[in-house]
Amino acid sequence: MEKLIGLNKIRTAVFISGTGSNLKNLIKFSKTKKSPIAINLVISNTNKTKALKYANQNKIKKKVLNFRNNSIAEKNILKFLDREKIKFICLAGFMKILSKNFIKKFNGKIINIHPSLLPKYKGLNTHERAIKNKDKFGGCSVHYVTSKLDSGKIIIQKKVKITAKDNSTSLAKKVLKQEHKLYPTAILKIFN
Ligand code: GAR
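Residues numbered from 1 in each chain as written. Predicted model: local features only at pLDDT ≥ 70, side-chain atom pairs only at ≥ 80, totals over all residues. Heavy atoms only, no water.

Caption draft 1: Structural context of the layout of surface pockets. When its volume is computed, the largest pocket comes out at roughly 890 Å³. In terms of lining residues, the largest pocket is bounded by 38 residues, among which Gly93, Met95, Ile113, His114 and Pro115 are the most central. Of all the secondary-structure elements, those providing two or more residues to the lining of the largest pocket are helix H2 (21–30), strand S5 (110–114), helix H6 (126–132), strand S6 (137–144) and helix H7 (168–191). For the lining of the largest pocket, the leading source of residues is H7, giving 5 residues. Each residue belonging to the lining of the largest pocket can be placed in one class, and the counts come to 15 nonpolar, 17 polar and 6 charged. (1 Å grid on protein atoms, 1.4 Å probe; cavity = no way out; pocket = protein on both sides within 12 Å on 5 of 7 lines; lining within 4 Å. Points joined across faces, edges and corners; volume = space filled by probe spheres on them. Helix = DSSP H or I, 4+ residues; strand = E, 2+ residues; numbered from the N terminus. Nonpolar A, V, L, I, M, F, W, Y, C, P; charged D, E, K, R; others polar.)

Dropping the structure here:
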């Protein structure tokens, strides 16, 4: 029965670089009845992440690619995506920038989660920058990926209050907790 439910779901790949808490959370979500997506492939640019164990534990195919040469890495990724009939891509803490050409091939089918209230704080060190600017709120955004970094159409956002006690670590932790709710909500919003 599990398999039958999985059959009609949109075949999805998750790209990671980090600790993979969003990956873990997306896998859990993908197994629920309401999830429109199934996760069939995990792509990582590093084998130094413990996150790959989530793929192993859930019997999801995984590929680790060396990005020393971006265009070779992307060519290989496209081959794996094609082989696994992947129709949708979720970037989850993936820290490499995909080329225009790659994005064009999956136009409108790649989404990303970013730890700020976009358009504020594109790029890195988002929490440090929010605290330094004495912002009252930080947060996270799920958006479509276009060739302009962190600039595609926003699907959904969640605000997180920044208190006087917060530093970038505590804020990152609070935001990450919200990311785990926001990513599945964004996916439901896209497909329902
Ligand atoms: C998350 O906070 C995600 O929003 C961020 O990296 C973290 C990955 O955590 N992504 C970016 O900064 C992308 N520009 P995870 O590996 O535990 O999911």
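What follows continues from the structure just given.
Caption draft 2: Structural view of the nonpolar core. Formed by 33 residues in total, the largest nonpolar core has its most connected members in Val142 and Tyr183. Ranked by residues supplied to this core, first place goes to H7 with 6 residues. Non-local contacts of Tyr183, meaning those with residues more than four positions away in its chain, are made with Asn22, Leu26, Cys90, Leu91, Ala92, Ile111, Asn112, Ile113 and Val142. (Core = buried A, V, L, I, M, F, W, Y, C linked by side-chain atoms within 4.5 Å. Buried < 20%, exposed > 50% of the residue type's maximum accessible area, 1.4 Å probe, protein only. Contact = heavy atoms within 4.5 Å.)

Caption draft 3: Up close: the pattern of salt bridges. Enumeration over the complete set of coordinates arrives at 4 salt bridges. Across the pair Lys61 and Glu84 runs a salt bridge whose closest N-O atoms are separated by 3.1 Å. In this pair, Lys61 is assigned in strand S3 (residues 61–64) and Glu84 in the loop between helix H4 (70–83) and strand S4 (88–91), connecting sequence segments 23 residues apart. For Lys61, a relative accessible area of 47% corresponds to the partly exposed category. (Salt bridge = Lys/Arg side-chain N within 4 Å of Asp/Glu carboxyl O.)

Caption draft 4: Representation of the site of the ligand within the structure. Around the ligand lies a shell formed by Gly18, Thr19, Gly20, Ser21, Asn22, Gly93, Met95, Ile113, His114, Pro115, Leu176 and Glu179. Contacts to the ligand include Asn22, whose backbone N or O atom sits 2.9 Å from an oxygen atom. One nitrogen or oxygen atom from the side chain of Glu179 is found 2.8 Å from an oxygen atom belonging to the ligand. In the complex, the protein chains occlude 85% of the 440 Å² of accessible area that the ligand would expose alone. Here the ligand is seated within the largest pocket. If you list the elements that add at least two residues to the shell around the ligand, you get H2, S5 and H7. Looking at the shell around the ligand residue by residue, the class counts come to 4 nonpolar, 7 polar and 1 charged. (Near = heavy atom within 4 Å. Polar contact = N/O pair within 3.5 Å; in protein donor to acceptor, adjacent residues only side chain to side chain. Areas by Shrake-Rupley, 256 points an atom, 1.4 Å probe, with all protein chains shown as cover. Sits in = over half its atoms within 2 Å of the grid points.)

Caption draft 5: Quick look at the environment of Gln57. Examined against the element boundaries, Gln57 turns out to sit in helix H3 (residues 52–57). Its relative accessible area of 53% is what places Gln57 among the exposed residues. In this structure, the C-alpha to C-alpha distance between Gln57 and Asn76, residues 19 residues apart in sequence, is 24 Å.

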